[in-house]
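Residue-level structure breakdown
Here are the chains, one letter per residue:
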Amino acid sequence: MSGSPYPLGLRLAGRRVVVVGGGAVATRRVPALLDAGADVLLVAPELTPALRAHVDAGRLRWEPRRFVPDDLDGAWLVQVAVDDRVAAAAVSAAAAERRIFCVRADDRAAATAWTPAVTRHGPVTVAVLGGGDPRRAMSVRDAVRELLAARAGEPASVDAAAGAAPGRSSVPAPGGPDTGAAPVGRVALVGAGPGDPELITVRGWRLLTEAEVVVADRLVPGLLLDELRPDVELVDASKIPYGPSRAQEEINRILVDRARAGKVVVRLKGGDPYVFGRGGEELLACAEAGVPVTVVPGVTSAISVPATAGVPVTHRAVAHEFTVVSGHVAPDSPASLVRWESLAGLRGTLVILMGLKNLAAISATLVAHGRPAGTPAAVIQEGTTTAQRAIRSTLGTVAADVEAAGLRPPAIVVIGDVVGALDT
């Protein structure tokens, strides 16, 4: 292909875009297409858990099979996200016959369209093409983002090589430059925030731009993954098999192994790493292995998600306390560490994370131990994102109302008089 690319901003709202492949590349590209409002058809025999979550939420349609040319009927754009050159070439040929622009992850030279390096700053979207060099495009993109942030008055970035600044949690590796030890990489436990990609901290975003390996939870904002360099190894932590304990052991092993290989590793976690995120276990595993760790706090959904739905967790003369609790274990389970009977006696706000499955049992337990059934309650699904939904209810009826509304995880439950504190 010769000549310079002609830049365009595609308005894809309601228009069919076909994505072929269900792996890491598709996981990174699909969120931006959904954000643009595209009607996405995903064709792949298997999907990552992150993509499957989009399917389950009804955000896109999935054909669980290999690509056939008829998949492009009615499409405006096709994204080939497979590393099989023969299969990719077949999709390219079908797109060319139909005069549909085709982006190819495996071969930029064979593509008829390129995906630029993108940064978003409020209503401003900056897309950079680096003449076929993704690293050049990323470098320019990052410089532009820094400039936009500086003009908006956001904190300037700090060189990561300088280590953690005062007030930031950091665990250094034993030894130092004079010990003669083999070079060790580093791990950053980064909170990605509640869902809106702009709610990651400046430091967290900068560490993402430096990462060589990103180990991501299912709930991290997909648009953040879209901004990673093409050569970054993306590990979908929710894809790791075994039960919860074995899965965590495998995540710990990946962090340690990649860092010992000299890599810069970011463990990207929804919300804050230490709010039901098992970040402490990961820090201890890295420290035991001699891997330096930096902890970057994140905006927790426990406070931010209710705020976006008009619910402050505290309010003068209404609530002087709030309690955050995990509801992933039923109140009557021997494994529960929560004293629900004590929580029922509190007058303040109760914020429940991961509690939708057990909401009926939780609400019944609270009422049985003295919390009035008429206590206001709110449930917010996918808070801070464009898919946010919320209902208002009471403690006695909230479980039935959630089921009737079809709300699903991830969702935050708020119980207390603050639910109506800002109503006018």
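1. What about the overall build of the chain?
A tally of helices and strands in the chain yields 12 helices and 18 strands. Against the globule reference of 22 Å for 424 residues, the chain gives a C-alpha radius of gyration of 23 Å, in line with a compact fold. For the chain, the spread of C-alpha atoms along the principal axes amounts to about 75 × 60 × 45 Å. The buried share of the chain, taken over its 424 residues, is 45%. In the chain, 64% of the contacts between residues at least 6 apart in sequence involve partners at least 24 apart. Taken as two groups, the 44 positive and 44 negative side-chain charges of the chain have centres that lie 2 Å from each other.

2. Observations regarding the layout of surface pockets
For the second largest pocket, the calculated volume is near 1300 Å³. Taken together, 37 residues form the lining of the second largest pocket, with Leu-8, Leu-10, Trp-114, Thr-115 and Pro-116 sitting closest to its centre. A breakdown of the residues in the lining of the second largest pocket according to their chemical character gives 23 nonpolar, 8 polar and 6 charged.

3. Some words on the environment of Asp-84
Relative to the elements of secondary structure, Asp-84 occurs in the loop between strand 4 (75-80) and helix 3 (85-97). Its relative accessible area of 36% is what places Asp-84 among the partly exposed residues. Residues Asp-84 and Lys-357 lie 273 residues apart in sequence; the distance between their C-alpha atoms is 40 Å. At a separation of 3.2 Å, a polar atom in the side chain of Asp-84 contacts the main-chain amide nitrogen of Ala-87.

4. Some remarks on the sheet that holds strand 3 (residues 61-63)
Read from one edge to the other, the open sheet built from 5 strands follows the order 3-2-1-4-5, with strand pairing classed as parallel. Both outer strands of the open sheet, strand 3 and strand 5 (101-104), are each paired with one neighbouring strand and no more. Between one strand axis and the next, the sheet turns by 20° as a mean value, whatever way the strands run. Alignment of strand 1 (residues 16-20) against strand 2 (residues 39-43), held across 5 bridges, turns out to be parallel. Looking at strand 2, one finds that Val-17 is bridged to Val-40. Contacts from helix 1 (residues 24-35) reach strand 1, strand 2 and strand 4 within the one sheet, and its direction differs from that of strand 1 by about 175°.

5. Points about helix 4 (residues 134-151)
The terminal C-alpha atoms of helix 4, which comprises 18 residues, lie 26 Å apart, in line with the 26 Å expected from a rise of 1.5 Å per residue. Of all the positions in helix 4, only Ala-137, Met-138, Arg-141, Asp-142, Arg-145 and Ala-149 are classed as buried. Seen from one end, helix 4 has its buried residues packed into an arc of 130°, which puts them on one side. For helix 4, the exposed residues lying more than 90 degrees away from the buried face are Ala-150 and Arg-151. Buried residues along helix 4 sit against strand 6 (117-121), strand 7 (124-128) and helix 5 (202-210).

6. Overview of the nonpolar core
Formed by 20 residues in total, the largest nonpolar core has its most connected members in Trp-340, Leu-350, Ile-352, Leu-366, Val-379, Val-402 and Ile-415. Setting aside chain neighbours within four positions, we find Trp-340 in contact with Val-325, Ser-326, Pro-331, Leu-350, Ile-352, Ile-362, Thr-365 and Leu-366.

7. Brief notes about the packing of helix 11 (residues 359-368) against helix 12 (residues 398-405)
For any two helices packed against each other, one specifies the inter-axial angle together with the distance between the axes. Here helix 11 crosses helix 12 at 160°, and the two axes come no closer than 8 Å. Judged on the interaxial angle alone, helix 12 and helix 11 are roughly antiparallel. Along its contact with helix 11, which presents Leu-359, Ala-360 and Ser-363, the element helix 12 presents Val-398, Ala-399 and Val-402. In terms of residue class, the contact of helix 11 with helix 12 is built from 5 nonpolar, 1 polar and no charged.

8. A short note on the environment of Ala-399
By the element assignment, Ala-399 lies in helix 12. Classification of Ala-399 by relative accessible area gives partly exposed; the value is 21%. With sequence-adjacent residues up to four places away left out, Ala-399 is seen in contact with Leu-359, Ala-360 and Ser-363.

9. Some points on the environment of Pro-7
In this structure, Pro-7 sits in the segment before strand 1. Between the C-alpha atoms of Pro-7 and Pro-116, which are 109 residues apart in sequence, the distance is 9.5 Å.

10. Examining helix 2 (residues 49-56)
Turn by turn, an α-helix covers 3.6 residues, leaving residues three or four places apart pointing in a common direction. Within the sequence span of helix 2, burial applies to Ala-50, Leu-51, His-54 and Val-55. Summarising the axial view, the buried residues of helix 2 lie within an arc of 150°, below the 170-degree limit, and thus occupy one face. Phi turns positive one or two residues past the end of helix 2, at Gly-58, with a value near 75°.

11. A look at the packing of helix 1 against helix 2
Packing of helix 1 against helix 2 leaves a shortest axis separation of 9 Å and a crossing angle of 30°. When the interaxial angle is binned, helix 1 and helix 2 end up roughly parallel. By crossing handedness, the relation of helix 1 to helix 2 is classed as left-handed. Counting all contacts with helix 1, which are made through Ala-26, Thr-27, Val-30, Pro-31 and Leu-34, the residues of helix 2 involved are Ala-50, Leu-51 and His-54. Residue classes in the contact of helix 1 with helix 2 are distributed as 6 nonpolar, 2 polar and no charged.

12. Here we look at the pairing of strand 4
Taken across its 6 residues, strand 4 has 5 buried, putting it largely inside the fold. Where strand 1 and strand 4 come together, 5 bridges link them in parallel fashion. Within strand 4, the residue paired with Val-18 across the bridge is Val-78.

13. Here we look at a nonpolar patch on the surface
Taken together, Tyr-6, Leu-8 and Leu-10 make up a surface patch of nonpolar side chains, about 420 Å² in accessible area. For Leu-10, the position within the fold is in the segment before strand 1.

14. A closer look at the packing of aromatic side chains
If you walk through the whole model with that rule in mind, you get 0 aromatic pairs. In this structure, Arg-15 is placed above the aromatic ring of Trp-76, and the distance from its NZ or CZ to the ring centre is 4.5 Å. Geometry around Trp-114 places Arg-108 over its ring, the cationic atom sitting 4.5 Å from the centre.

Each value, and the rule that gives it
- As a convention, each chain's residues are numbered from 1 in the sequence order in which they are written.
- Local features in a predicted model are, by the rule used here, given only for residues with pLDDT of at least 70; side-chain atom pairs are given and counted only at 80 or more, and totals for whole chains, interfaces and linings are based on all residues.
- The side-chain quantities take in all heavy atoms of the structure and omit both hydrogens and water.
- Secondary structure elements follow DSSP: runs of H or I of four or more residues count as helices, runs of E of two or more count as strands, with numbering from the N terminus.
- In this setup the radius of gyration rests on C-alpha atoms only. A globule is expected at 2.2 Å times the number of residues raised to 0.38.
- Whether a residue is buried, partly exposed or exposed follows from its accessible area with a 1.4 Å probe, protein chains only, as a fraction of its type maximum: under 20%, in between, or over 50%, in that order.
- It only takes one pair of heavy atoms within 4.5 Å for two residues to be counted as in contact.
- Charge convention: Lys and Arg are scored as positive, Asp and Glu as negative, and His as well as the terminal groups of each chain are ignored.
- A charge is said to be at NZ when it belongs to Lys, at CZ for Arg, at CG for Asp and at CD for Glu.
- Cavity: a set of points on a 1 Å grid over the protein atoms alone where a 1.4 Å probe fits but cannot get out. Pocket: an open set with protein on both sides within 12 Å along at least five of seven lines, its lining residues, like those of a cavity, having an atom within 4 Å of a point.
- Grid points are joined across faces, edges and corners, and a volume is the space filled by probe spheres set on the points.
- For this classification, the nonpolar set comprises Ala, Val, Leu, Ile, Met, Phe, Trp, Tyr, Cys and Pro, the charged set comprises Asp, Glu, Lys and Arg, and every other residue, Gly included, is treated as polar.
- Distance and chemistry together define a polar contact, namely a pair of N or O atoms within 3.5 Å, with one atom able to donate a hydrogen and the other to accept it when in protein, and with adjacent residues in sequence counting only for side-chain atoms on both sides.
- Strands pair, by our definition, only if DSSP identifies at least two bridges between them.
- In this description, a line fitted to the C-alpha atoms serves as the axis of each element, helices being fitted only across the stretch in contact, and the angle between N-to-C directions of two axes falls anywhere from 0 to 180 degrees.
- An expected span of 1.5 Å times one less than the residue number is assigned to each helix.
- The arc in question is formed by the directions pointing from the helix axis toward the C-beta atoms.
- Put simply, buried Ala, Val, Leu, Ile, Met, Phe, Trp, Tyr and Cys residues joined by side-chain atoms within 4.5 Å make one nonpolar core.
- Note on terminology: angles under 35 degrees are roughly parallel, angles over 145 are roughly antiparallel, angles of 65 to 115 are roughly perpendicular, and the others are oblique.
- Helix crossings get a hand from a simple test, with the near helix turned counterclockwise from the far one by less than a right angle marking a left-handed crossing and a clockwise turn marking a right-handed one.
- Patches were defined on residues exceeding 30% relative accessible area and lacking a salt bridge, with like-charge contacts within 9 Å and nonpolar side-chain contacts (Val, Leu, Ile, Met, Phe, Trp, Tyr) within 5 Å.
- Each accessible area value is a Shrake-Rupley result obtained with a 1.4 Å probe; residue values ignore everything except the protein chains displayed when judging cover.
- The rule for a salt bridge is simple: a side-chain nitrogen of Lys or Arg has to be within 4 Å of a carboxyl oxygen of Asp or Glu.
- Whether two aromatic rings pair depends on their centres lying within 6.5 Å, for rings of Phe, Tyr and Trp, where Trp uses its six-membered ring; planes under 30 degrees apart make the pair stacked, over 60 edge-to-face, and the rest tilted.
- Note on criteria: charge over ring means Lys NZ or Arg CZ within 6 Å of the ring centre, with the direction from the centre no more than 35 degrees off the ring normal.

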